[in-house]
Amino acid sequence: QVHLVESGGGLVQPGGSLRLSCGASGSIFRRITMGWYRQAPGKERELVATITSGGNTNSLDSVKGRFSISRDNDKTTLYLQMNSLKPEDTAVYYCWGRDLAKDYWGQGTQVTVSS
């Protein structure tokens, strides 16, 4: 079982940066794939970035070069560093983890990019 809690969202101007964190409870954190999803108003939830237990990463084309996902297994924390933010990045961002066939979700944190 994994309990996920996001933090770090907020309001930022275009071109700014934010770092999202996701604290995880549960001993299985270090061996499961983790990631970030986002959902903008009126749109479907989309996968932003993933990181495997071994540290292999993948990300959405529209955020490549701007967003970076990382994890600290000792702190059981997942991160999403977001740079050069654009208004279209505005969404609720969700922390996600998968252990075998079971998905775990955080409650979400709002990111708003606006001048």
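Everything quoted here is computed from the prediction, not taken from an experiment.

Colleague: Go over the environment of Y79 with me, naming the residues and quoting the values.
Modeller: With respect to the helices, strands and loops of the structure, Y79 is situated in strand β8 (residues 77–82). Put simply, Y79 and S68 are 11 residues apart on the chain and 8.1 Å apart in space, counted from C-alpha to C-alpha. Ignoring any residue separated from it by four or fewer positions in sequence, one finds Y79 in contact with R19, L20, S21, W36, S68, I69, S70 and D72.

Colleague: Can you lay out the layout of surface pockets for me, pointing to particular residues and giving the numbers?
Modeller: Its boundaries defined by the atoms lining it, the largest pocket holds a volume of some 170 Å³. Forming the boundary of the largest pocket are 14 residues, of which R38, K43, E46, E88 and D89 lie nearest the centre. Here the residues of the lining of the largest pocket are counted per class, giving 3 nonpolar, 3 polar and 8 charged.

Colleague: I'd like a rundown of the sheet that holds β8, residues and numbers included.
Modeller: Taken in spatial order, the 4 strands make up an open sheet running β1-β3-β8-β7, and their pairing is antiparallel. Two strands lie at the open edges of the sheet, namely β1 (3–7) and β7 (67–72), each paired on one side alone. Averaged over all pairs of adjacent strands, the angle between strand axes in this sheet comes to 15°, irrespective of strand direction.

Colleague: Explain the side chain of R38 residue by residue, including any values.
Modeller: Within the fold, R38 resides in strand β4 (residues 33–39). Given a relative accessible area of 6%, R38 falls into the buried group. A distance of 2.7 Å separates the side chain of R38 from the side chain of E46, its partner in a polar contact. Only 3.0 Å separates the side chain of R38 from the side chain of D89, close enough to count as a polar contact.

The rules behind the values
- Residues numbered from 1 in each chain as written.
- Predicted model: local features only at pLDDT ≥ 70, side-chain atom pairs only at ≥ 80, totals over all residues.
- Heavy atoms only, no water.
- Helix = DSSP H or I, 4+ residues; strand = E, 2+ residues; numbered from the N terminus.
- Contact = heavy atoms within 4.5 Å.
- 1 Å grid on protein atoms, 1.4 Å probe; cavity = no way out; pocket = protein on both sides within 12 Å on 5 of 7 lines; lining within 4 Å.
- Points joined across faces, edges and corners; volume = space filled by probe spheres on them.
- Nonpolar A, V, L, I, M, F, W, Y, C, P; charged D, E, K, R; others polar.
- Pairing = 2+ DSSP bridges.
- Axes fitted to C-alpha atoms, helices over the stretch in contact; angles between N-to-C directions.
- Buried < 20%, exposed > 50% of the residue type's maximum accessible area, 1.4 Å probe, protein only.
- Polar contact = N/O pair within 3.5 Å; in protein donor to acceptor, adjacent residues only side chain to side chain.

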